[in-house]
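# Descriptive structure summary
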Amino acid sequence: MKRKNKGRKIYKTKEKNYYGKSPLGKALSAALTVLLIGGIGFIGYSVAEPIINYTQHKGDKPAEETTSAEPAGEETTEDTSAGTVEPKAPEKYNAAGLVPTDMATAETLKTALSAVPRSADIEFVEVPLKVRGGKIYYATTNQEAYSCGAVSSKLSLATITALIEESGFKPAAEISTFYDNQLPTYLPEAGYVTVDDGSQWVDNDPAHGGVPWTAPTSQEALTYISSIIDEVTDAGFERIVCTDIMYPYFRESDLALLDEQLGRTDRFLALTSAANLFYERSVSGGASMYVGVSAADMLRGNCDVLQPQLLSANTVVLTIDTDELKKGVSDGKMLYEFEGTPADITEKCLGFLSDRLTDLNVTVRISGSGATAEELMAAKEKAAARGYTSFVIG
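Residues numbered from 1 in each chain as written. Predicted model: local features only at pLDDT ≥ 70, side-chain atom pairs only at ≥ 80, totals over all residues. Heavy atoms only, no water.

Let us now look at the overall build of the protein chain. What the protein chain contains, in helices and strands, is 12 helices and 10 strands. Among the 394 residues that make up the protein chain, the fraction classed as buried is 41%. For the protein chain, the exposed area adds up to about 23200 Å²; of that, 53% sits on carbon and sulfur atoms. (Helix = DSSP H or I, 4+ residues; strand = E, 2+ residues; numbered from the N terminus. Buried < 20%, exposed > 50% of the residue type's maximum accessible area, 1.4 Å probe, protein only. Areas by Shrake-Rupley, 256 points an atom, 1.4 Å probe, with all protein chains shown as cover.)

Attention shifts here to the side chain of S153. Tracing the backbone through its elements, the reader meets S153 in the loop between α3 (143-147) and α4 (157-166). Polar contacts involving the side chain of S153 include one to the main-chain carbonyl oxygen of M103, which spans 2.8 Å. A polar contact is formed between the side chain of S153 and the backbone nitrogen of L155, at a distance of 3.2 Å. In contact with S153, other than residues within four places in its own chain, are M103, A104, I136, Y137, Y138 and A139. (Polar contact = N/O pair within 3.5 Å; in protein donor to acceptor, adjacent residues only side chain to side chain. Contact = heavy atoms within 4.5 Å.)

So, about the pairing of strand β2 (residues 124-130). Most of β2 sits out of view: seven of its seven residues are buried. Judged from the three bridges that link them, strand β1 (residues 94-97) and β2 form a sheet pairing that is parallel. Its bridge partner being in β2, G97 is matched across the sheet by E126. The β-α-β motif built from β1, the intervening helix α2 (residues 106-114) and the parallel element β2 has right-handed crossover chirality. (Pairing = 2+ DSSP bridges. Right-handed = clockwise from strand over helix to strand, strands pointing away.)

What follows deals with helix α6 (residues 219-234). Between its first and last C-alpha atoms α6 spans 22 Å; for 16 residues at 1.5 Å apiece the expected length is 22 Å, and the two agree. Among the residues of α6, A221, L222, Y224, I225, S226, I228, I229, E231, V232 and T233 are the ones counted as buried. At the exit of α6 stands G236, carrying a positive phi of roughly 100 degrees. (Expected span 1.5 Å × (residues − 1).)

Bringing the pattern of salt bridges into the picture now. By the definition in use, this model includes 16 salt bridges. Put simply, K380 and E381 hold a salt bridge, and the shortest N to O gap is 2.8 Å. The class of K380 is buried, set by a relative accessible area of 13%. Looking at E381, the relative accessible area reads 45%, which means it is partly exposed. (Salt bridge = Lys/Arg side-chain N within 4 Å of Asp/Glu carboxyl O.)

All right, on to the packing of α2 against α4 then. Interhelical geometry of α2 versus α4 gives an angle of 30 degrees and a closest axis separation of 10 Å. On the basis of the axis angle, α2 is roughly parallel to α4. Seen from above, α2 lies across α4 with right-handed handedness. Touching A106, L109, K110 and L113 of α2 are I160, L163 and I164, all from α4. A class-by-class count of the residues in the contact of α2 with α4 yields six nonpolar, no polar and one charged. (Axes fitted to C-alpha atoms, helices over the stretch in contact; angles between N-to-C directions. Parallel < 35°, antiparallel > 145°, perpendicular 65-115°, else oblique. Left-handed = near helix turned anticlockwise from the far one by under 90°. Nonpolar A, V, L, I, M, F, W, Y, C, P; charged D, E, K, R; others polar.)

On their own, these measurements won't tell you what the molecule is for.
Next up, the structure:
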């Protein structure tokens, strides 16, 4: 909210006439006046310059000095076209998303690529190279990935990119980050540890089967994920969607065992810092990086990474998994229920979440194992009607 400029208050006093000053007094008075004016000018400049410099953002150009050469009394027309900087349009990201089973062999990948719709304005094919749980679906050179049993495909990145490009599309990658239960089994320091004895913390939630998670505060975890990003950018992928930049669903009993930082309101700082690291690695490798978030996680209240003012990446890929949403989603206080077609679910979900996405460039990903291509495209049109014109189908 802009502050109203109240202007400078002017206090009027009665003028006093001083007569009878000597010539010496008049001279001293004039000299003091000149010194006073000069001093005020110097102080004003000294104070104003640091303030101006401070208020400019890093990388901003200083304001140019302008002079007016217009004759007095002549009407002038301001040229608004000169010097106007148009805001950079957000990147369009229209893609078809594949699933892990498509990445088993070159033949399964070819079959999946042949099924991508040709009339849907699709430019990219997004392949799941590292998925929730930690499995990796390409032949990485990372030794830790082999040691923890994560590698689940012999496809090379060169083969993947070549097949995608031969199909007439551009390669994009999905990389799950901290929802990784594989790496901490080999590198316990990559996961969460208890504060009392330093033992490995495991998620005892029956839904997750008692497994460790990879922690955003672990240097080993950050190095591991960064090395995967480096491999992917070196292979020529133009877009990277880093998903699951998140914490586990900690219960109070879990937080009692762990670092107190994990229960604080500013715990998002570790996530945004990690997201910015992945952004820098992606951009330095020539790729654009997007933050992938789950609509279900957002509804549950576990999406700390969405801090637009702190994120280097301004594009978010919001995944609406219709299969997951049909089961209902609860944040502990409210139960969100979804029924109907993928288009119905998409429209309702975006209605719940749109206020939280206003400061971001959003790409909507719509998926569902039981949905047909036609149903997913109809859901995409519902998202477009709400202003979300970038999409991922599948």
